[in-house]
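So you can see what is in the structure, the chains are spelled out below.
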Amino acid sequence: MSDEDDEKRQRQMDFIVETLARLTVTVERTAEMQAQHIEETKRRDDELTERIRQTERRDDEASERIARFERSYVVISNLLVSHDEQLVEVTEGLNRLTVVVERYIAARGNSTNGA
């Protein structure tokens, strides 16, 4: 082999070594970037999971508020029905009392006129 062939082979080897070094750096950078992306993805996943939990808690709280409202509505409705019945009874009692008082006044008026 000649010196020229040796130099050519040396340049080729140098080129191969430089190319391998660049590829190694690229692979290492890619691995680092992937690790960062994985960490970022995990962080975002954790944030989303927490937001989902918060939303579920709010939904549960809203459901509880709705259930309390429904129970209150039923209680109030039952009270109103009960009071309506009581008002009807009071009104009927008042009407009967009015009739009795009118009869009493009428009877008293008749007895005073006749005396």
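All figures in this text were calculated on a predicted structure; none of them were measured in a lab.

Caption draft 1: Up close: a nonpolar patch on the surface. Taken together, the side chains of M13, F15, I16, L20 and L23 define a hydrophobic patch exposed on the protein surface, amounting to about 520 Å² of accessible area. Mapped onto the secondary structure, M13 falls in helix α1 (residues 3–114). With relative accessibility at 49%, the residue M13 sits in the partly exposed group.

Caption draft 2: Representation of the pattern of salt bridges within the structure. Under the counting rule described, the total for this entry stands at 5 salt bridges. In this structure, R43 engages E40 in a salt bridge whose closest nitrogen and oxygen atoms are separated by 2.4 Å. In this pair, R43 and E40 both sit in helix α1, 3 residues apart, roughly one turn of the helix. Residue classification places R43 among the partly exposed positions, given a relative accessible area of 38%. With relative accessibility at 28%, the residue E40 sits in the partly exposed group. Close ionic contact of R57 with E50 constitutes a salt bridge, the shortest N to O distance being 3.2 Å. For R57, a relative accessible area of 42% corresponds to the partly exposed category.

Each value, and the rule that gives it
Residues numbered from 1 in each chain as written. Predicted model: local features only at pLDDT ≥ 70, side-chain atom pairs only at ≥ 80, totals over all residues. Heavy atoms only, no water. Patch = residues over 30% accessible without salt bridge, like charges linked within 9 Å, V, L, I, M, F, W, Y side chains within 5 Å. Areas by Shrake-Rupley, 256 points an atom, 1.4 Å probe, with all protein chains shown as cover. Salt bridge = Lys/Arg side-chain N within 4 Å of Asp/Glu carboxyl O. Helix = DSSP H or I, 4+ residues; strand = E, 2+ residues; numbered from the N terminus. Buried < 20%, exposed > 50% of the residue type's maximum accessible area, 1.4 Å probe, protein only.

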